[in-house]
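# Breakdown of the fold
Residues per chain are reported as follows:
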Amino acid sequence: MAKENSKAPAIPQPQQIPLAKIHDLPGVFITKQPDKSYGGLVTSIQAGGVKEPVVLRVREDGEYQLVTGYRRRRASELAKKQDIPALVYEMSIQEARDYHHRVKNQPDMVIPGKPVPAPDKGQTTDLKGSEKPTTPLSAPVIK
């Protein structure tokens with residue numbers, strides 16, 4: 001029988017989240033940098049993708065708010081990517097703001113909230129336009 005450590009938190013797996021569903025976290029000031037300052041990061045993302053996932057908070061409407069990873073998100077947009085790897089959590093806005101401000105000085109700090117598991121392979125996080133048709137797309141049969 002394998003030993004299990006019940007105190008160890010589950011390690012969430014990154015999910016691919018559409019950039020269009022990610023919004024800024026209210027109450028957090030982000031310094032806007034000129035797009036040309038992202039050049040090296042954009043090139044890296046074009047060549048090998050985003051290496052470290054961003055951290056997102058799930059909103060009440062099912063979309064997301066960005067807790068950490070503003071440069072990675074902007075560079076992904078400039079690289080013309082459609083989605084980004086993300087660790088998704090259920091957390092309050094206050095927990096997200098506190099984590100955002102404190103993680104800069106404490107990079108090993110535990111992410112608050114509960115990890116949201118990735119949907120099953122049969123499901124999709126973006127149902128708009130991705131439903132499977134119930135009838136084949138072949139020509140109709142006339143009797």
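Computed from a prediction, not measured in an experiment: that's the story for all the values here. (Residues numbered from 1 in each chain as written. Predicted model: local features only at pLDDT ≥ 70, side-chain atom pairs only at ≥ 80, totals over all residues. Heavy atoms only, no water.)

### Brief notes about the overall build of the chain
- When you go through the chain residue by residue, the secondary structure sums to three helices and six strands.
- Ordered by position from N to C terminus, the α and β elements of the chain give β-β-α-β-β-α-β-α-β.
- Here the chain holds 143 residues, and 31% of them are scored as buried.
- Accessible surface for the chain amounts to roughly 10400 Å². Of this, 55% is attributable to carbon and sulfur atoms. (Helix = DSSP H or I, 4+ residues; strand = E, 2+ residues; numbered from the N terminus. Buried < 20%, exposed > 50% of the residue type's maximum accessible area, 1.4 Å probe, protein only. Areas by Shrake-Rupley, 256 points an atom, 1.4 Å probe, with all protein chains shown as cover.)

### Let's talk about the side chain of H100
- Position of H100 among the secondary structure elements: in helix 3 (residues 93-102).
- Looking at H100, the relative accessible area reads 5%, which means it is buried.
- The contacts of H100, once residues within four sequence positions are left out, are V28, I30, V67 and Y70. (Contact = heavy atoms within 4.5 Å.)

### Observations regarding the confidence of the model for the chain
- Mean pLDDT over the chain stands at 81; residues scoring 70 or higher make up 76%.
- A low-confidence stretch, residues 124-141 stays under pLDDT 50, and its non-local contacts, those more than four residues away or across chains, total nine contacts. (pLDDT = per-residue confidence, 0-100.)

### Examining helix 2 (residues 70-78)
- Among the residues making up helix 2, those that are buried are Y70, R72, R73, A75 and S76.
- In this fold, the buried residues of helix 2 make contact with strand 2 (22-24), helix 1 (39-48), strand 3 (54-58), strand 4 (64-68), strand 5 (83-90) and helix 3.
- Positive phi shows up at K80, right after helix 2, with a value of about 65°.

### As for the packing of helix 1 against helix 2
- Packing of helix 1 against helix 2 brings their axes to within 9 Å, and their N-to-C directions diverge by 70°. On the basis of the axis angle, helix 1 is roughly perpendicular to helix 2. In the packing of helix 1 onto helix 2, the handedness of the crossing is right-handed. Two secondary-structure elements touch here, helix 1 through L41, V42 and I45 and helix 2 through R71, R72, A75, S76 and L78.
- Its residues assigned to classes, the contact of helix 1 with helix 2 comprises five nonpolar, one polar and two charged. (Axes fitted to C-alpha atoms, helices over the stretch in contact; angles between N-to-C directions. Parallel < 35°, antiparallel > 145°, perpendicular 65-115°, else oblique. Left-handed = near helix turned anticlockwise from the far one by under 90°. Nonpolar A, V, L, I, M, F, W, Y, C, P; charged D, E, K, R; others polar.)

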